[in-house]
Amino acid sequence: MPITMKDVAVRAKTSVATVSKSLRGVPTIPVHTRERIQKTAEQMGYRLHPYISALMRNRRKRRAAVAQAPTLAYVTAYPTENGWQREAFFRSLHAGAQTRAETRGYVLQPFWLYRDDMSNERFSEILWARGIRGIFLSPFPRLGMEINLEWDKFSVVAHGLSLAHPVFHRTSNDHFQSMMLAMHECRRRGYVRPGFALDAPTTERLEFRWEAAYRMFGEKLGFQMKIPPLLLGARWEPDRLCRWIRQTKPDVVITLLLEEQVRELTKRGLKIPEEVGLVSLSVAQPDSPLAGVFQDPFAMGEVAVDQLITMVERNETGIPTEPITLTLGGHWNPGRTVRRLAGVAGGGGALI
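Residues numbered from 1 in each chain as written. Predicted model: local features only at pLDDT ≥ 70, side-chain atom pairs only at ≥ 80, totals over all residues. Heavy atoms only, no water.

Asker: I tried to follow the overall build of the protein chain on my own but got confused; where do I start?
Answerer: Each helix and strand counted, the protein chain has 12 helices and 14 strands in total. Taking all 352 residues of the protein chain together, the buried fraction comes to 50%. Residue pairs at least 24 apart in sequence account for 70% of intrachain contacts in the protein chain once pairs closer than 6 positions are excluded. (Helix = DSSP H or I, 4+ residues; strand = E, 2+ residues; numbered from the N terminus. Buried < 20%, exposed > 50% of the residue type's maximum accessible area, 1.4 Å probe, protein only. Contact = heavy atoms within 4.5 Å.)

This is how it looks when you write it as structure tokens:
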């Protein structure tokens, strides 16, 4: 395993911050301390990346140094190069990551894994040749995808739970908390007979967190849990969803829908929210007319890049033996696809 700044701190019996400042020659650290730590690092074979040293010098001189800023790779693996840009969630995730990278003196550059049908080995060589040492793996489109870059050369952070192997430090929405929040808000509005509809691949990818929270809080909050969950295919099936709603008659459906998909349901005669309420577990933005949970992908992108830069500057590379998942809770977006039922204080909603 590569020697990290933390390893040097343990050997030198000091903090990681002191090691970092000593190796960068920060004058606030006494000369004898700097020399002792530099000698320890040299004996252990640890070296700061040259571009990290240059970055720190630029920061101390308070220069923008845009042209010389080190680059982080935002790696995507959709079938097409710009396929990820079609979804608002991924655009916002990238925007948050890019903003935080620029704030900290880095450049975040998208790289498509499948450009020119290149091998994973060739992809690794290109990143390395360009001086890139940090990789942000964006969410992958299919469950269980595996890629095999030369991981020992790079610091890596992923977002989401789609990558099967290897598992890196990653960021994610707190899916259990999101479902709990949705259930509480539905109960507060007087709903008692919920339905849960989601495509089977997503349920599996999230390791059944949504379904587990749905069942647990359904019982705890006094819902009538008589409707079995509807597991759909990966392809959008509006007719099947409409039939299921009319057959099972839930008063609210918790699912994963986009605004345009809700409009497709209304075109099929479904009255929302008068006939049934609809709650999405991932609304696109906090002011969406669709009621549900706003996961704040912009903030998740910021958190991911913060973690990645910390790893790069500590020279922490390779596959972690104990990967950490940083989860962020969602926020309730009232929207207009749910209403307060009769006997519950408050007003109703209007169809989007």
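Asker: Sorry, what's going on with the environment of arginine 133 here?
Answerer: Within the secondary structure layout, arginine 133 lies in the loop between helix 6 (120-129) and strand 3 (134-137). Sequence-wise, arginine 133 and threonine 317 are 184 residues apart; in three dimensions their C-alpha atoms are separated by 8.6 Å.

Asker: Teacher, can you tell me more about the confidence of the model for the protein chain here?
Answerer: In low-pLDDT segments, the atomic positions of the prediction should not be examined closely. On average, residues of the protein chain score 86 in pLDDT, and 89% of them are at 70 or above. The spread of mean pLDDT over the elements of the protein chain runs between helix 4 (residues 50-61), the lowest at 53, and strand 11 (residues 277-280), the highest at 97. Across residues 62-67, where pLDDT falls below 50, the model places three contacts with residues more than four positions away in sequence or in other chains. pLDDT under 50 marks residues 346-352. Its contacts with residues more than four places away, or in other chains, come to 19 contacts. (pLDDT = per-residue confidence, 0-100.)

Asker: Explain the sheet that holds strand 2 (residues 107-112) to me, please; I cannot follow it from the model alone.
Answerer: Within the open sheet, the six strands sit side by side as 2-1-3-5-7-13. Their pairing is parallel. Strands at the two margins of the open sheet, each flanked by one partner only, are strand 2 and strand 13 (325-328). This sheet shows a mean twist of 20° between the axes of neighbouring strands, independent of strand direction. Running over the sheet, helix 6 touches strand 1 (71-76), strand 2 and strand 3 and is turned about 160° from strand 2. (Pairing = 2+ DSSP bridges. Axes fitted to C-alpha atoms, helices over the stretch in contact; angles between N-to-C directions.)

Asker: Which parts of the structure should I look at to understand the packing of aromatic side chains?
Answerer: Note on aromatic pairs: each is described by the distance of the centres and the angle between the planes. This structure, assessed with the given rule, holds nine aromatic pairs. Seen in terms of ring centroids, tryptophan 112 and tyrosine 114 are 6.5 Å apart; in terms of plane orientation they differ by 80°. Their pairing is edge-to-face. Look at tryptophan 112 and you get buried, because its relative accessible area is 18%. Among the residues examined, tyrosine 114 registers a relative accessible area of 29% and is labelled partly exposed. Pairwise contacts between aromatic rings join Tyr74, Trp84 and Phe136 into one cluster. Across from the ring centre of tryptophan 128, 3.5 Å away, lies the NZ or CZ of arginine 133, which sits over that ring. (Phe/Tyr/Trp six-rings, centres within 6.5 Å; stacked < 30°, edge-to-face > 60°. Lys NZ or Arg CZ within 6 Å of the ring centre and 35° of its normal.)

Asker: Is there a simple way to think about the pattern of salt bridges in this case?
Answerer: When the charged atoms of two side chains with opposite charge come close together, those side chains can pair. Tallying each qualifying case throughout the model produces 13 salt bridges. Here arginine 100 ties to glutamate 302 by a salt bridge, and the two come within 3.3 Å at their closest N and O atoms. Here glutamate 302 lies in helix 12 (residues 297-313) and arginine 100 lies in helix 5 (residues 88-103), a separation of 202 residues in the sequence. Where arginine 240 meets glutamate 237, a salt bridge forms, and the shortest distance between an N and an O atom there is 3.5 Å. Classification of arginine 240 by relative accessible area gives partly exposed; the value is 30%. Relative accessible area serves as the criterion here: at 24%, glutamate 237 is assigned to the partly exposed category. Beyond isolated ion pairs, a larger network of salt bridges with shared partners links Arg100, Arg104, Glu302 and Asp306. (Salt bridge = Lys/Arg side-chain N within 4 Å of Asp/Glu carboxyl O.)

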